[in-house]
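If you want the building blocks of each chain, they are given just below.
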Amino acid sequence: MEKNENQHRKIRYSKMVLRDSLMELMKTKSILSISIKDICQLADVSRSTFYAHYKDQYDLLRQVEEETLDYFEDMLNKYRDIHSKKETTKMVEEMLTYIANNRNSIQVLLSENGDIGFQKKMFQHFTNHNQIKRYLSEKRQEDEARAFYSVFLVHGAIGLVQHWLKNDPSMPVPTLAKMLLKWTE
């Protein structure tokens, strides 16, 4: 049993350092300019270790992106029946805490070096999510205006998060949550 646990720990560690290394490299260059050799050198792991978990650097990036989108999907589903400002605040604070705890990867994924396809998916995911649509239907009655308002809110919120991560990451999560929620009042 202990040997199996040690094996799982090694796998988790390898995946973590490979992920962290890719995110570190993407701070300064596009995925198109990053080789598997670059990732392995920074992670201090062999190429065979890399290939044991991923097909290529694009597969690694895709998995990071999927984990991120899955988290937000789970969070929106967890709070799908919220009806109070207190519950909404709690959901937003949980999402912002996740973003703060995963600052490096989120910042890179939303940066100019991130995959524009992922960014589009994220915008569309939030803009089209039933939770957001329901919330806006309670606030704004006209269907046409609601669609525009949804796009405005999601893009504005993500822009505010990008600014927070880049320029003022020391701002407390509750303060940022209040800022984001003021837009929806």
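This text goes with the structure placed above it.
Please read all numbers here as calculations on a predicted model, not as lab measurements. Sequence order as written defines the numbering, with residues in each chain counted from 1. It should be noted that, the model being predicted, local features are given only for residues of pLDDT at least 70 and side-chain atom pairs only at 80 or more, the latter also being counted only at that level, while totals for whole chains, interfaces and linings use all residues. Excluding hydrogens and water, the side-chain figures rest on all heavy atoms present in the structure.

Secondary structure follows DSSP: runs of H or I at least 4 residues long count as helices, runs of E at least 2 residues long count as strands, and numbering of each begins at the N terminus. A tally of helices and strands in the chain yields 10 helices and zero strands. In the chain, the order of α-helices and β-strands from amino to carboxyl end is α-α-α-α-α-α-α-α-α-α. Categorising residues by exposure relies on relative accessible area from a 1.4 Å probe, with only protein chains included: less than 20% of the type maximum marks a residue as buried, more than 50% marks it as exposed, and the intermediate range marks it as partly exposed. Here the chain holds 185 residues, and 41% of them are scored as buried. In what follows, residue pairs with any heavy atoms lying within 4.5 Å of each other are defined as contacts. For the chain, restricting intrachain contacts to residue pairs at least 6 apart in sequence, the fraction spanning at least 24 positions comes to 60%. Total accessible area on the chain is roughly 11,300 Å²; 53% of this is exposed by carbon and sulfur atoms. Using a 1.4 Å probe, accessible areas were evaluated by the Shrake-Rupley method; residue-level cover was limited to the displayed protein chains.

Let us now look at the packing of aromatic side chains. Pairing of aromatic side chains here covers Phe, Tyr and the six-membered ring of Trp, requires ring centres within 6.5 Å, and sorts the geometry by plane angle: under 30 degrees stacked, over 60 edge-to-face, intermediate tilted. Per the stated rule, a full pass over the model turns up six aromatic pairs. On the basis of an interplanar angle of 85° and a centroid distance of 5.5 Å, the ring pair of Phe50 and Tyr51 is categorised as edge-to-face. Judged by its relative accessible area of 0%, Phe50 falls in the buried class. On the basis of an interplanar angle of 75° and a centroid distance of 5.3 Å, the ring pair of Tyr71 and Phe72 is categorised as edge-to-face. Note on accessibility: Tyr71 and Phe72 belong to one class, buried.

Right, let's talk about the nonpolar core for a bit. Take the buried residues of types Ala, Val, Leu, Ile, Met, Phe, Trp, Tyr and Cys, join any two whose side-chain atoms come within 4.5 Å, and each joined set is a nonpolar core. Core analysis: the biggest nonpolar cluster contains 51 residues, and Leu22, Leu96, Ile99 and Trp164 have the highest contact counts within it. Looking at this core, the elements with two or more residues in it are helix H1 (2–26), helix H2 (36–43), helix H4 (57–78), helix H5 (85–101), helix H6 (103–109), helix H7 (116–128), helix H9 (143–167) and helix H10 (173–182). In terms of residues, this core owes the most to one element, H4, which gives eight residues.

In this section: the side chain of Thr88. Among the structural elements, Thr88 can be located in helix H5. By relative accessible area, which is 12% here, Thr88 ends up buried. Once residues within four sequence positions are removed from consideration, Thr88 is found in contact with Ile82 and Leu181.

For salt bridges, the criterion is a side-chain nitrogen of Lys or Arg within 4 Å of an Asp or Glu carboxyl oxygen. Overall, the coordinates contain six salt bridges when judged by the stated rule. A salt bridge links Asp38 to Lys29, with the shortest nitrogen-to-oxygen separation between them at 3.7 Å. A salt bridge links Arg62 to Glu66; the nearest nitrogen and oxygen atoms lie 2.7 Å apart. In this pair, Arg62 and Glu66 both sit in helix H4, four residues apart, roughly one turn of the helix. In this structure Glu66 comes out as partly exposed when scored by relative accessible area, which is 39%. Each of Asp59, Arg62 and Glu66 takes part in one network of salt bridges that share partners.

For Asn113, the position within the fold is in the loop between H6 and H7. Judged by relative accessible area, Asn113 falls into the buried class, the value being 15%. Under the rule applied, a polar contact is a pair of N or O atoms within 3.5 Å (in protein, one hydrogen donor and one hydrogen acceptor; residues adjacent in sequence only if both atoms are side-chain atoms). A distance of 3.0 Å separates a polar side-chain atom of Asn113 from the backbone oxygen of Met26.

Bringing the environment of Phe118 into the picture now. Relative to the elements of secondary structure, Phe118 occurs in helix H7. Phe118 sits 57 residues away from Leu61 along the chain, and the two C-alpha atoms are 9.9 Å apart. Sequence-distant contacts of Phe118, that is, excluding residues within four places in its chain, are made with Glu65, Thr68, Leu69, Leu109 and Leu110.

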